[in-house]
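Spelled out from the first residue to the last, the chains are:
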Amino acid sequence: MNTALLKEREVMVKVRSRVSEKELAYGFSGVVTASCTGLDEALVGKRVAVITYRGCEICEYCRAGRENLCDSKRWIRDKGEEELRIPASMVYPIPDQVSDEVAAALNFVSLAVSAVGKAKEVLGEDVLVIGDGGVSLLLVQLLKLAGAGQVFHGPESTDCRDVKYIFDCVGETGTQKKALALLKQRGTLINLVNNRTEVPIQLLDLNGEKEITSSTGSPHKDFRRALRLVASGQLQVDTIVDRKIGWEECMMEIG
Ligand SMILES: [Zn+2]
């Protein structure tokens, strides 16, 4: 790619690893090969993780550091190119101990970091994580780090009861109904999935001041926190990578 195409404060990133998990999110990492201006020259040659979206930077959410709620978010268009133009503010140099694959997964990690951030009173409390994908495995680790009591985890609800927080990474009628029944008084159901599932509930299901909320995307600060947790070894992400594929297959999957 011709570096003359770079706009102000953009850098060129040669992609080294990509990840995807169903339609939940995607991410990639790479090496900065060029910068538009001298301002970002220090990034050239650095291995970087990339935040895959940016907010408008002027709405109330962006100004409050909640870019994930911005109505004018723009995502990096990744069609499998070998090199991509990225705003310099969206790339983060990674230390040697963080692999390309793990760096590419940081957008997933930040989703889990944001969701656990919803559980303000988790210390010593029992929690349940419904799901069996990579994000659910990260939630389990993060909840233990946050000092949760017992952390139950499974593809559906388990035989636990009276739990303070339930994280639903499945988002089906059955998981939602069962989750509400398993919450303790003043417990909170946190949904990580946005879909069109209709869930018939009785108002009585929320008796005891139970709450339902959602965790939608993650703000940039949680991406940076995810990078710190991974770089310090507090969070193990290698275990959630299902399979590694080569460049040719990657191109086919992206279509
Ligand atoms: Zn905005």
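Residues numbered from 1 in each chain as written. Predicted model: local features only at pLDDT ≥ 70, side-chain atom pairs only at ≥ 80, totals over all residues.

1. Some words on the overall build of the chain
Operational definition: Here a helix means four or more residues in a row that DSSP labels H or I, a strand means two or more in a row labelled E, and each is numbered from the N terminus. Counting other C-beta atoms within 10 Å of each residue's C-beta, where C-beta atoms are placed from the backbone, gives the exposure class: buried for 20 or more, exposed for 12 or fewer, partly exposed between. Contacts here follow a simple rule: the backbone-placed C-beta atoms of the two residues must lie within 7 Å.
For the chain, the count of helices and strands is seven helices and 12 strands. Put simply, the chain has 255 residues, and 39% of those count as buried. Partitioning the intrachain contacts of the chain with sequence separation of at least 6 by distance along the chain shows that 64% fall at a separation of at least 24.

2. So, the sheet that holds strand β12 (residues 211-214)
Here is the rule we go by: What makes two strands pair is DSSP finding at least two bridges between them. What counts as an axis is a line fitted to C-alpha atoms, over the stretch in contact for a helix, and the angles between N-to-C directions run from 0 to 180 degrees.
Read across the sheet, five strands follow the order β9-β8-β10-β11-β12 without closing on themselves; strand pairing throughout is parallel. On the outer flanks of this sheet lie β9 (151-154) and β12, each paired with one strand and no other. Strand-to-strand twist of the sheet, defined as the mean angle between neighbouring strand axes without regard to direction, takes the value 15°. Pairing geometry for strand β8 (residues 127-130) and strand β10 (residues 163-168), over four bridges, is parallel. Its bridge partner being in β10, Val-129 is matched across the sheet by Phe-167. Helix-sheet contacts for helix α4 (residues 134-145) involve β8, β9 and β10, and the interaxial angle to β9 is about 175°.

3. Things to note about the packing of helix α3 (residues 106-117) against α4
Rule in force here: When describing relative orientation, an angle under 35 degrees is termed roughly parallel and one over 145 degrees roughly antiparallel, while 65 to 115 degrees is termed roughly perpendicular and anything else oblique. Each crossing is labelled by how the near helix is turned from the far one, with a counterclockwise turn of less than a right angle marking it left-handed and a clockwise turn marking it right-handed. Residue polarity follows a fixed list, in which Ala, Val, Leu, Ile, Met, Phe, Trp, Tyr, Cys and Pro are nonpolar, Asp, Glu, Lys and Arg are charged, and the others, Gly among them, are polar.
Contact pair α3 / α4: the axes reach a minimum separation of 9 Å and the direction vectors enclose 50°. Between α3 and α4, the interaxial angle falls into the category oblique. As α3 runs across α4, the sense of the crossing is right-handed. Two secondary-structure elements touch here, α3 through Phe-108, Val-109, Leu-111, Ala-112, Val-113, Ala-115 and Val-116 and α4 through Gly-134, Val-135, Leu-138, Leu-139, Leu-142 and Leu-143. Here the residues of the contact of α3 with α4 are counted per class, giving 12 nonpolar, one polar and no charged.

4. Examining the environment of Glu-209
Residue placement: Glu-209 occurs in the loop between β11 (183-191) and β12. Ignoring sequence-local partners within four residues, the contact set of Glu-209 consists of Gln-185 and Arg-186.

5. Concerning the nonpolar core
Soluble globular proteins: nonpolar side chains tend toward being buried together. Applicable threshold: By definition, a nonpolar core groups buried Ala, Val, Leu, Ile, Met, Phe, Trp, Tyr and Cys residues that are joined through C-beta atoms within 7 Å.
Core analysis: the biggest nonpolar cluster contains 63 residues, and Val-13, Val-109, Ala-112, Leu-139, Ile-166 and Phe-167 have the highest contact counts within it. A per-element tally of this core places α3 first, with eight residues. Excluding anything up to four places from it in sequence, Ala-112 contacts Val-135, Leu-138, Leu-139 and Leu-142.

6. Let's talk about α4
Inclusion rule: A helix is expected to reach a length of 1.5 Å times the quantity of its residues less one.
Over its 12 residues, α4 extends 17 Å from the first C-alpha to the last, a length consistent with the 16 Å expected when each residue adds 1.5 Å. Along α4, the residues that are buried comprise Gly-134, Val-135, Ser-136, Leu-138, Leu-139, Gln-141, Leu-142 and Leu-143.

7. Topic: the pairing of strand β3 (residues 47-50)
Burial of the side chains of β3 extends over both faces: Arg-47 and Ala-49 are buried on one face and Val-48 and Val-50 on the other. For β3 and strand β7 (residues 91-93), the ladder comprises three bridges, and the chain directions are antiparallel. Note that in β7 the partner of Ala-49 across the bridge is Tyr-92.

8. Describing α3
Taking 1.5 Å per residue as the helical rise, α3 with its 12 residues ought to reach 16 Å, and the 16 Å between its terminal C-alpha atoms agrees with that figure. In terms of burial, α3 is largely enclosed, as 11 of its 12 residues are buried. Residues of α3 that are buried: Leu-106, Asn-107, Phe-108, Val-109, Ser-110, Leu-111, Ala-112, Val-113, Ser-114, Ala-115 and Val-116.

9. Digging into the confidence of the model for the chain
Do not read the predicted coordinates in detail wherever pLDDT is low. Short version of the rule: Per-residue confidence from the predictor is reported as pLDDT, a score between 0 and 100.
Mean pLDDT for the chain: 88, with 89% of residues reaching 70 or above. Every residue in residues 250-255 scores below 50 in pLDDT, and together they form six contacts with partners more than four places removed in sequence or on other chains.

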